[in-house]
Amino acid sequence: KAHNYFVSICQFEKKWALAAMDLSCNVFKTTEFDTLDHLRNELHRLNPKEILTSDKLEAECAITLIPAWHFDISYCTQVLKDHFQVESLDGFGI
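Residues numbered from 1 in each chain as written. Predicted model: local features only at pLDDT ≥ 70, side-chain atom pairs only at ≥ 80, totals over all residues. Heavy atoms only, no water.

A. Molecular detail of helix α2 (residues 73–84). Relative to the 16 Å expected for 12 residues at 1.5 Å per residue, α2 spans 17 Å between its end C-alpha atoms, a close match to the ideal helical length. Between the side-chain oxygen of the N-cap and the backbone nitrogen of Ser74 there are 3.2 Å, and the N-cap of α2 in question is Asp72. Directly beyond the C-terminal end of α2, a positive phi value near 55° is found at Gln85. (Helix = DSSP H or I, 4+ residues; strand = E, 2+ residues; numbered from the N terminus. Expected span 1.5 Å × (residues − 1). Polar contact = N/O pair within 3.5 Å; in protein donor to acceptor, adjacent residues only side chain to side chain.)

So this is what it looks like as structure tokens:
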């Protein structure tokens, strides 16, 4: 069965972060890249159906733009901790 990935990408400091999920196969994974070329290679490999990213990021593919504050590392960390009802994300390897 082919995956139908929904991908979110953001840039922080000098790295790129990628989260990919396919709800039809119960797959969720995260990774980071040191270069834009490595990110592009992974996007090509995953062939996502949709990409969600900051409205401050310029991309060469079809994307859904949302306000940049959604990608703030402090905000995202707190959202995940609240969702999973934990004090730290260390146990998730994030």
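B. Region of interest: the pairing of strand β3 (residues 27–33). Relative to β3, strand β2 (residues 15–22) runs antiparallel, the two sharing seven bridges. For Ala19, the partnering residue across the bridge sits in β3 and is Thr30. Count of turn residues in the β2/β3 antiparallel hairpin: four residues, of which Asn26 carries a positive phi of about 55°. (Pairing = 2+ DSSP bridges.)

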